[in-house]
Structure formats: structure tokens, C-alpha cells
Amino acid sequence: MNDYDDCWLRYDRADADRLDSYRRLCRHAYVAEKSPELSAVRDELRRAIPSLLGDDPHLWQHPPSTAGGFLAIGTPDDMRMVADSVSVDEVGSLTDGGFLLRTVEWEGQRCVVVTAPTDRGLVYGTFHLLRLMSVGDPIDDLDVREEPAYANRLIDHWDTPFHRSVERGYGGESIFDWERLPDLRERYEDYARLLASVGINGVVLNNVNTEKPPRPSASEAFDAFEGWQLLESQRLEAMTGLVSVFRRYGIRTYLSVNFASPMLVGGLDTADPLDDEVREWWRRKADEVYDLIPDFGGFLVKADSEGQPGPYDYDRDHVDGANAIAAALEPHDGRLWWRAFVYGSHEDRAVQAYDTFEPLDGEFADNVTVQVKNGPIDFQPREPVSTLFGAMPETDLGLEFQITGEYTGQGVHATYHLPMWEEVFEFDTHADGAGTPVKSLFRGDGEGVVGVGSVGEDHTWTGHYLMQSNLYAFGRAVWNPDRSVEKITEEWVRQTFGSDEAVVDTVSEILRDSWEACIDYETGGLGLMHMMYNGEALLENHYDPSPGEWPGYHGVTEDGVGVDRTSAGSGYAPQYRDPVAERYESVETCPEELLLFFHHLPWEHELSDGTTVAQRLYDNLFAGVEETERLRDLWGTLEGRVDERRYRHVAERFDEQVAQAERWRDTLAAYFYEHSGVPDERGRVPSE
Ligand code: GCU
């Protein structure tokens, strides 16, 4: 037994009314045998079938003739039985990762066929079938065709070698034990299984911060940023075993690298991207990496941001910087992910990324992907979507979400991100006329969606049993952003907690309502944000309220609240295409939930229902706490229906969440009152 949770891969015994049919179709399995991925498939069946069906699987190297029915997993090229049972052309038309699940009649036997054009697709197809059985769906008449929406579905680890901290990670230290490599841990494989089961096909193993930034306020914790060392030859060699663990599950490996690696690793005296020696160094380093890891995914770079070096150090721009490294990866089909999370001279940071990158559209090399956070600030509970989406048609773009809850309760609060991601995906950018939602972008071969990871060494993986849902939901939503929040959530709950309908309904409701509650108590709503503690201690950072620290982000003054980001203000709103820009530009048409992100308004400004801004903020803060209490009580109704270990863990976290929500409410309400002088008409906010 491992000392960590199985998450959604528990494979609890299937429902009694399905068991016969599942056994008939899946107890015997004929699986192709030729690649690491297919050996992973067999291992998964060995784990799942006994647990789901209460029977050992019979694994075959040829189609069984007397079983009465069986499961067949392979490409049409691998197995004649598969080629005979499905349309080979249809299989060939699927993109990488796509698969078919079909229930077919073959030589008098009823069979389930899992097939795909690539072995990675067979891994996904197998997990899909096991998911169907885990949630109790019928499989005797399957006609499933699945393809991933985006070619690249990546997890960015912010894990810091070698001292194993995880920046913004709340599930304990890093699962990656770099000092012990090449020794492998079983946990690596179990993590790869979790990722592959939801369709993730790439992992960046280390933090984007690869070097201690030279900022004076940096705390001791920053001393640990030495991830640049991973490019040293002996480190690369030690990594190859870990890479093959992921490879078995169709997952490619990437590394975050330091822009100044030619100096730090290579001992050169410059990292100028236009310097011949520097370019030669990157080329040789890339050759070395691909010699060891032929299917290596590529590099991720955070440059000229928060103390990390970059092309500006040499008076070069982002194109010069990115293209120099991309050129080294290009002969190997490697990709460079280049982050757009930058600061600059603007007082309003929101305008910076667009201002810096949009003019560079069309100049990046073909194997560069510019990686953009979902919003213009930094993973706040609610932000408008980034103006870069749809604004760089000649550039491959990646969308970056945060799975870990840096600003949403840090793995202590139950805050489900899927409803937020859905809001982002559905947002119509009008980039290509009406009907260009965010989810329709990132469809190129070099594009995709990236999530900042959330796992660590804890038994729960994510610091909170319910927050495993964010990792699950990320993978599933990125596989298919059209799948509804309800569907993904229910799938997760059933696989994680079983089929007791009261549990399914209650946990789904808690998750569904948790995000809005968090927005209310952490911000007061109306588009305010960034009012958290930003102190020196990295570990305590961004959890507690501290609205006075950086007033520029929320614009609280005596005369009003909010930030003017219209064309008369910082100029962020006009970066959108019309009619989006027009909608945000005017107080009348700006949606209420983002009103104070775009406008600085008097405290007594009346909203559409006649409530003043000040009063609405108070009301939302109180509503957020009441909602959190309601969610805690809902969880309380599950005592005895969920195993004691998970029940108690979540119940205790909920108590802390309610206390913390109250702290946020009281701090922000007092702060708003102190500056506005407007009393709460319901008398809840102390006015002395
Ligand atoms: C935020 C976060 C940092 C992180 C940075 C980034 O600022 O707080 O910890 O390094 O984003 O995305 O690079």
C-alpha cells in the first residue's frame, strides 16, 4: 500500500447491476505488445480489473476464441482483429491522442475495441474505458470517438530543485527527488497515471524561476532557486529514467531553463542572444539533451520578469531572445515556450504584456509558443481575459491557467477553478468577428493550454482532498473545453467518492458554488483584486488580507474605488477588439462583476439595482462568508457517508476556511469603511 491517495483512480468495485456486462466484455483482454505505452496499458488493466470487477484479468497475445467476449486494445496495424472490426480510415483520420471505443461483434463474440492511430491514443482510450466503468456507464453498445481539442496539454511544475520546495504549491514538498536520481520512486509512475488518465501530454519538471532573483526584498526561500543546474550534463543524464516513466504514459518532458544558461552552465561571459558563441552553446546543449532524450519536448523560459535574466540585459527584445534558443531546438522538433508574464514601465501592469508582445506578432520563430496567463494581472480569483488572446494571429500562443490555488485559498480553502476556466474559455474575444471565444484559439500544432501544477508529497497530493478536483478538471476541460462543468464535476466525484447519490449531489454543489464564494470574501466582487499580504516570507505570501499594501491594484481612495483602465485611464480596455473594448469602456455597459477593474467610481455610485458600490462590496463580503458556512455545513451532512479519514480532513479545512473568510471580510470591510466613510446600512461593519 502506498502512503498516498489514489485520487480518482480508486477503481472501486463496479455497481452490481453493471458487473456482469463489464466482466463479460473486459475480463479477457487482448492487448498489443510493442511499446512502453502498451506495457503501461497492460499494467493499468492489472491494477484496475481486479479492483473494479473482482477478478484477475486474463491477458492474451492473440484473440481468445472461447471467452465469449473480450477487450481488444491496439492499432489496426498491430492487430488483424481490430482492423477487421473498425474502419481503418476512420482510425487514420484521428489526430495524435485521439481514439475510438466500439462495441463490436467478432467471430460470434461480443467485444470492446479500443483503437487509435498512436500508442498514446491507446493509453487515453484505455483510461476512458476504465472511467466509464468507474462511473457506472454502460459499455455494451459503445460508439465513442474522441480527439483532444489542443495539441499541447501541459503541466508546468513550479518545483524547485534541489531543495524540493514547490513555489505556490500547497501539497507539501516536491515529489521529484532530484538528488536521488537516477533512482526512481513509485510515486512518479502514479503521478504519470493520474496525468495520462485526463489526457495531459507534457510536463515541465521545474520552476520557471531558475535563479535567485537579485531583488533586495527576496527572502531566504529564494536562495533555493537553482533550477538552472538541470542543464548540467550529469543532471541531464540522471533524468533519463524519470523521463521514461512519463514516456510510458505518452507524456513528453520539458525543462524550464535560465536565459543566462550559457553563462551559468556554460561558463561564457555573456548570454547575448545575438552572440555567435552563445548561439553555438545553445545548439550544442540542445544536441546533448536530444541525444539523451530523443523525444524531449523543449524548454520553457521566464525572461526579464521578477529578477530572471533576459534579452533586455543585452538591449535585445523578446524575439531576439526567444528565437536564439528556438533555433537550437528546431533541428530536433523541440519547442520553446516563452512566457509573456512581464513587467515594465507602465504604472498599470495590466497593459504590459500586450504592449510588449503584440507589436512582435509574426516575428517569432515557428517553434516558439508565447505563453500567456489567462488574465492580465496574476491568477486573481476573477480577472478579465488577457487582451493578447486573438491579438497575435501570426504567433503560436499558449494559455496558462493556475491549477494550484495561490490566490484562492492555497489548498486550505475548497475553491474549484473549473467554473472560472469555463468563463475564460467561453469569453468571446471577437478576434475573428463575433463568435471567437477563447476556447477556439490555441488550436495550432504548436499551441495549447498549460496549467501550473498543484501536487506535492502529501497523502492528498494537493493539500486538500477536494482540491484534487482542480487537477482532474484541468485535464478534462483542456481535452474538451465543450464538456460542461456539471459533467466533468460529476465524473470526478463519482470516481473519487463512489456512487452514493447524496454524496455526488452534495460534493458537486460544494464545488460548483465555491468559486463565487471565494471571490466575494476575498475581494468584495465587482472586479476588485490583489488585496492580499505580500510580505517577505514566501510561504505566508498571498494568503492573508492586506489591502493597504498595493493600493494601485484596487484603487481605493477617499473619493472612490476601482482603477480607471479606460482610454482616459491606463488604456487597458482599448486593447480589446470592439465591441469588447466599447463594452468595458463605458460604465453603463461594463459588466458589474468587472466594473471596478475598469472604472474608478465614487463609493456612492449607484449600481443597476440602486445599491451603492460601497454597500454592494459590504454585502458581497458578508454573503461570501455565509456561503462558505453553508458549504461547510453541506459537507457536514456527509459524515458517515464518506470515509472518516477524508471526511475529517475536509471538515477541518472547512473550519479554517470559514475563519479565514471572516478575516478577509472584516479586514476588507473595515478598509473600505475607513476610506469611504460610508456606513454599512445593515450595521454589520463597525463604524467607530
Ligand atoms: C506570480 C507568483 C510567483 C511566480 C510568478 C510567475 O507572481 O506569485 O510566485 O513566480 O507569478 O508566474 O512567474
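Here is a short report on the structure shown in this document. (Residues numbered from 1 in each chain as written. Predicted model: local features only at pLDDT ≥ 70, side-chain atom pairs only at ≥ 80, totals over all residues. Heavy atoms only, no water.)

1. Remarks on the sheet that holds strand E6 (residues 143-146)
Right, on to step 1. Ordered by their spatial adjacency, six strands build an open sheet running E2-E1-E3-E5-E4-E6, and the pairing between neighbours is mixed. Looking at the sheet topology across the chains shown, the edges are occupied by strand E2 (58-60) and E6. Taken pair by pair, the neighbouring strands of this sheet meet at an average axis angle of 25 degrees, ignoring direction.
Right, on to step 2. The pairing of strand E1 (residues 28-31) with E2 spans three bridges and is parallel. Residue pairing for E2: His 28 is matched across the bridge by His 58. (Pairing = 2+ DSSP bridges. Helix = DSSP H or I, 4+ residues; strand = E, 2+ residues; numbered from the N terminus. Axes fitted to C-alpha atoms, helices over the stretch in contact; angles between N-to-C directions.)

2. Focus on the site of the ligand
Right, on to step 1. Around the ligand sit 14 residues in total, of which Glu 167, Lys 302, Arg 339, Lys 373 and Glu 406 are the nearest.
Right, on to step 2. Contacts to the ligand include Arg 168, whose side-chain N or O atom sits 2.8 Å from an oxygen atom.
Right, on to step 3. Expressed as a share of its isolated accessible area of 310 Å², the protein-covered part of the ligand is 97%.
Right, on to step 4. Here the residues of the shell around the ligand are counted per class, giving four nonpolar, two polar and eight charged. (Near = heavy atom within 4 Å. Polar contact = N/O pair within 3.5 Å; in protein donor to acceptor, adjacent residues only side chain to side chain. Areas by Shrake-Rupley, 256 points an atom, 1.4 Å probe, with all protein chains shown as cover. Nonpolar A, V, L, I, M, F, W, Y, C, P; charged D, E, K, R; others polar.)

3. Here's the deal with the environment of Gly 92
Right, on to step 1. If you trace the backbone, Gly 92 turns up in helix H4 (residues 88-92).
Right, on to step 2. According to the relative accessible area criterion, Gly 92 is exposed, its value standing at 56%.
Right, on to step 3. Linking Gly 92 and Thr 637, residues 545 residues apart in sequence, is a C-alpha distance of 50 Å. (Buried < 20%, exposed > 50% of the residue type's maximum accessible area, 1.4 Å probe, protein only.)

4. Thoughts on the pairing of strand E11 (residues 252-256)
Right, on to step 1. The element E11 is largely enclosed, with a buried count of four among its five residues.
Right, on to step 2. As paired strands, strand E10 (residues 202-204) and E11 are joined by three bridges and run parallel to one another. Bridge assignment links Val 204 to a residue of E11, and that residue is Tyr 254.
Right, on to step 3. By the bridge criterion, three bridges tie E11 to strand E12 (residues 298-301) in an arrangement that is parallel.

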